[in-house]
Structures are given as structure tokens and as C-alpha cells.
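Structural description and commentary
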Amino acid sequence: MQKLVIKGGTALEGEIPLRGAKNSALPLMAATLLCKGETVLENCPRLTDVFSACRILTHTGCRCAMKEHTVVVCADSIKLSEIPESMMQEMRSSIVFLGALLGKTGSCRVYYPGGCELGPRPIDLHIEALCRMGARIERCEGRLDCYAPEGLSGCNIHLKFPSVGATENVMLAAVLAKGETVISNAAREPEICDLAEFLRKCGALIKGDGESTIRIQGVKELRGCTHRIMPDRIAGITYLSAVAVTGGKLKLLGAKDARMDNVLPVLEQAGCRIDKANDAMYLCAPKRLRAVSRLRTMPHPGFPTDVQAIIMALMTVAKGVSVFEENIFECRYRHVDGLVQMGAEIYVSGRIAVVNGVNRLCGAHVAATDLRGGAALVIAGLAAEGTTEVRQVHHIDRGYETIEKTLEGVGANILRISQ
Ligand code: UD1
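Okay, so let's go over this structure.

Reading the values: rules and limits
- Residues numbered from 1 in each chain as written.
- Predicted model: local features only at pLDDT ≥ 70, side-chain atom pairs only at ≥ 80, totals over all residues.
- Heavy atoms only, no water.
- Near = heavy atom within 4 Å.
- Polar contact = N/O pair within 3.5 Å; in protein donor to acceptor, adjacent residues only side chain to side chain.
- Areas by Shrake-Rupley, 256 points an atom, 1.4 Å probe, with all protein chains shown as cover.
- Helix = DSSP H or I, 4+ residues; strand = E, 2+ residues; numbered from the N terminus.
- Buried < 20%, exposed > 50% of the residue type's maximum accessible area, 1.4 Å probe, protein only.
- Contact = heavy atoms within 4.5 Å.
- Expected span 1.5 Å × (residues − 1).

Further remarks concern the site of the ligand. Near the ligand, the surroundings consist of 20 residues, among which D124, S163, G165, D306 and I328 are the closest. Taking G165, its main chain carries an N or O atom lying 2.7 Å from an oxygen atom of the ligand. Here the ligand, which alone exposes 740 Å², has 85% of that area covered by the protein. Put simply, the parts of the chain that give the shell around the ligand at least two residues each are α5 (124–132) and α6 (164–174). Ranked by residues supplied to the shell around the ligand, first place goes to α5 with 3 residues.

And the structure:
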């Protein structure tokens, strides 16, 4: 067990390089299964979720090696179309291997990815869509036995909700399917575009990514390529916020294509100055942040649920009252307890959280309950007077590469301690 020990109150200043997006890296790694020859993914973050995906690929018989920030995969030697339950449960996104495995081999056995700290995360949309494409899926004791002996066939798929994972699974299943697949009410997140761009480089025929209707014409084969993973917009907002809460200054490197435009206006409304030049983004924060107008989480291009906790941490010390409305996940206010322990004034009722900014937070002993909620506690710890200890760091390690080193690099007093 490890914890982060933070001595807050110092204004942070310096440079942080932005790595590739976790939420892009995982579907891209699943996509490598579909390719002949070698695939090289550059700018891959060194995260526990990425290591889990490497283990899944290796388990199926693929050659998968990660050196520094480059992952090289060759799926020519794939032997098993099965992922053990323990590996499926290591991360929720393991489900994105379902569409790729089924598309590649015509049959696979996987398991439900397991419960999640954000509330129920059903996969009904994934399953319904794959069944429409001709798959037979038998469910038994948490196991999913999937067959498509004649291969998958393209069809029209309307998603009841623009689920990111379901859109990715259908894309992965459709690129080698017979005929055309049309996904309507598809997710429009930037990571969907990154996946489509990668697949196109490999020979796939995809149009409409980034819009609500995606059209995929199946092809006979895909060939591996070299692809640079898009920068992590959620990590980017996290680092900008970590510095902003201390009244500091940041140069965020590699941020040009980070697609943060739906959140940057919120930081500006809070009083931060943000400039872009070449490949970098510059943030200059005021001494005290201002509250922002009501934030409603929505599918892209709306305000992302993944940064709700991060911006809430900022608002705990902003001047005025901020209101949040969480519309994507049922249990995404679990960071609130930790923030309140640090002196924040937050009132939650159902989907709504009201934050009354206080003059200062005080260090406390708190626990990360999920990935972004954990990052929010670290941000609050940087602003707080005294020492904050954040336990359950493994949640944070799923999405931030050595967060303590990154923040230490801009002057934070933060240590990782093994208990
Ligand atoms: C992805 C992101 C996650 C982000 C989320 C929403 C990755 C690895 N993770 O997760 O960081 O918070 O998008 O932007 O990219 N739903 C169903 N049935 C389904 C699938 C989803 O009801 O079959 C519901 C979920 O319960 C949830 C909502 O749809 O309420 C959004 O889920 P979804 O977009 O699928 O999120 P993920 O792809 O799991």
C-alpha cells in the first residue's frame, strides 16, 4: 500500500510534458489485435491500465513490448481468443477487447469487467450491438461466450446513449466485418477520432468520426502502422488545475492537439489566463480563483464527467458558489467526503453538488476512491495548509504517470511513501 504525502500552500511554477491519453491508448492497444505485422504506438503513458492491456495482449499470444513510451505489438502469433476473469477485472476498459477479438477470430470468451467505483457500468449496449452484427453471445456466471462463425456483418446500429466504450467496440468489430456498419448516436469524444485515425492508417474505411453518425466499410485485412497517441486532455486539465489552485504558472508541453476546448473556458472564467504558442499551453492563475457558472457533465462536446472532480477541487477555494450537475455516472461524488474533511463546504443532493468556496483548506488524512476523485484530493492537498495524506494511490496510478514526480517538477512538496 502506498500513500502520497503533500505539504500544501506553495505556488507551483514550471513545465509539465503531456503524455498520450490513457483513454486512447487502451482501445488502440485492443485495435492492434486486428492488424497484420507490427504496430508501433508512440507517446504511450506508463500507467497500470496500460500494463494490464499489455498483459492481455501477451496472454492471447501476441508479442507486446513496452520500452519507455513506445509499445510495439505483433498479433500474428495470436493463439488464444480468451481473456481470464482476473485480467478482465483489472480494469473496466478490458471490455473493449471484446469487439477486437470477435472481429479478428470469430469467437471469444471474456468476462464482465466487474463492478466499478463510479456506480453500475452495464455493457448492454456493447452486447446488443455485436448481436445485431451477427454475434451469438451466451452469458453464464459472469462469462461471455461469443461466437460469429460466419464472421460479423455490417448493419445499422443506433446507440440509445452515445457510450464511448460501445462505440469503440462496434468500430473494432466493424472494420473487418462484411459490408457497411452505420453507428448512429455514436460517441463523439476525441479519443474516438484517434482510434478512427489509427484504423484508417492501417487500411480501414471509416467516415464520420467526431460526428454522431460513423460509417465503416469492412475491409479484408488491416496492416500495422506507427501511430502517435493523442495527448491526454484529462491529464492536461488536471495539471493545469493543480497549478491554478496554488495561484501558480504552468507551461504545458505537447498540448497543441489535446482537445481541451470544452474545459479551458471554465478555467478562464475562474480567472486564469491561458495562452497557446507552438506546441505548448501557458497558464497564469490569479491569487484567488472565482466560482464558475453551473457545470453539467454531458457526452462530448459537453463538459466531461472525467474533469468534474478536478474542477470541483479548484472551486473549494474559489470566491463564491459553484454548482455541479453529474449526468453520466451515478456515484461520481465520492471525492466529496475527502474534500469536506479538508474543510471544503460541499452539499450534495442527487445529481447536484453545491460548492461554497472557503478561504482555505486544511491538510487531512484522506483516501482516493477512484481515479479522478483521487487526483482531486491531490489538487486540494496542494492548496491546503499543512500536510495531506492521500491513501489508495493505486486508483491515481491508473491514469497519471508518477504523479508525485510530475508535480515535484513544478515545485510541489509531495512524496510517495510505501506503508
Ligand atoms: C469512457 C472513459 C471514461 C469516461 C466515460 C464517459 C475510457 C477508457 N473511459 O468510459 O473515462 O468517464 O467514457 O465519458 O475511455 N452505459 C450503459 N450501457 C452500456 C455502456 C454504457 O448504460 O452498455 C452507460 C454507463 O453506465 C454510463 C454512460 O453510459 O452511465 C457512459 O458510459 P460510457 O460512455 O460507455 O463510458 P466508458 O466507455 O465506460
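After that view of the structure, there is still more to cover.
Inspection of the secondary structure assignment puts P299 in the loop between β19 (295–296) and α10 (308–315). A relative accessible area of 24% means that P299 is categorised as partly exposed. Sequence-wise, P299 and N327 are 28 residues apart; in three dimensions their C-alpha atoms are separated by 9.0 Å. Non-local contacts of P299, meaning those with residues more than four positions away in its chain, are made with F161, P162, E189 and I328.

What follows deals with unusual backbone geometry. The step from H300 to P301 runs through a cis peptide bond, and the omega angle for that step is 10°. Mapped onto the elements of the fold, P301 is located in the loop between β19 and α10. The phi torsion at N43 lies on the positive side, around 60°, for a residue other than glycine. Structurally, the position occupied by N43 is in the loop between β4 (38–42) and α2 (48–59).

Let us now look at α2. Compared with an ideal rise of 1.5 Å per residue, which puts 12 residues at 16 Å, α2 spans 16 Å between its outermost C-alpha atoms and is within 8% of the ideal. Turning to α2, the residues buried within the fold contact α1 (22–31), β5 (63–67), β6 (70–74), α3 (85–90) and α4 (96–105).

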